[in-house]
Amino acid sequence: MKDIQMIIEEYRDADFETRQYLFLSHRSLRNEFLEIDQQDTAAQLSAAPAKNKCCMRGFWGQSWMGAKP
């Protein structure tokens, strides 16, 4: 039988399909596997550039209702 640390490292380095297999095969390690997945997701999100979808380019000072001061 494999050592627990060895299984966790294998999970950390595995692709999606292998991670699924390990997750289903080692019920007692699921909490550790979930923590690894959360850390990976957080790292991916922090590495991605933020997109500013709420941009008001050039509209400052204009009325939303169309009335001119």
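Quick note: structure is the one above.
Because the structure is a prediction, the values reported are computed rather than measured.

## Structural notes on helix α1 (residues 4-13)
Now for step 1: All buried positions along α1 are accounted for by Ile7, Ile8 and Tyr11. An end-on view of α1 places all buried positions within 100 degrees of arc, on one side of the element. Seen from the buried face of α1, the exposed residues on the opposite side, beyond 90 degrees, are Gln5 and Asp13.
Now for step 2: For α1, the elements touching its buried residues are α2 (16-25) and α3 (30-47).

## What about the packing of α1 against α3?
Now for step 1: Between α1 and α3, the least distance of the axes is 10 Å, while the angle of their chain directions is 30 degrees. Where α1 crosses over α3, the handedness of that crossing is right-handed. Here α1 contributes Ile7, Ile8, Tyr11 and Arg12 to the contact with α3, which in turn contributes Glu32, Phe33, Ile36 and Asp37.
Now for step 2: Its residues assigned to classes, the contact of α1 with α3 shows five nonpolar, no polar and three charged.

## Description of the nonpolar core
Now for step 1: Counting seven residues, the largest nonpolar core consists of Ile7, Ile8, Tyr11, Leu22, Leu29, Phe33 and Ile36.
Now for step 2: Listed by contribution, the elements that provide at least two residues to this core are α1 and α3.
Now for step 3: At three residues, α1 tops the list of elements feeding residues into this core.
Now for step 4: If we ignore the near neighbours within four places in the chain, the residues touching isoleucine 7 are Lys2, Leu22, His26, Leu29 and Phe33.

The rules we used
- Residues numbered from 1 in each chain as written.
- Predicted model: local features only at pLDDT ≥ 70, side-chain atom pairs only at ≥ 80, totals over all residues.
- Heavy atoms only, no water.
- Buried < 20%, exposed > 50% of the residue type's maximum accessible area, 1.4 Å probe, protein only.
- Helix = DSSP H or I, 4+ residues; strand = E, 2+ residues; numbered from the N terminus.
- Arc of directions from axis to C-beta.
- Contact = heavy atoms within 4.5 Å.
- Axes fitted to C-alpha atoms, helices over the stretch in contact; angles between N-to-C directions.
- Left-handed = near helix turned anticlockwise from the far one by under 90°.
- Nonpolar A, V, L, I, M, F, W, Y, C, P; charged D, E, K, R; others polar.
- Core = buried A, V, L, I, M, F, W, Y, C linked by side-chain atoms within 4.5 Å.

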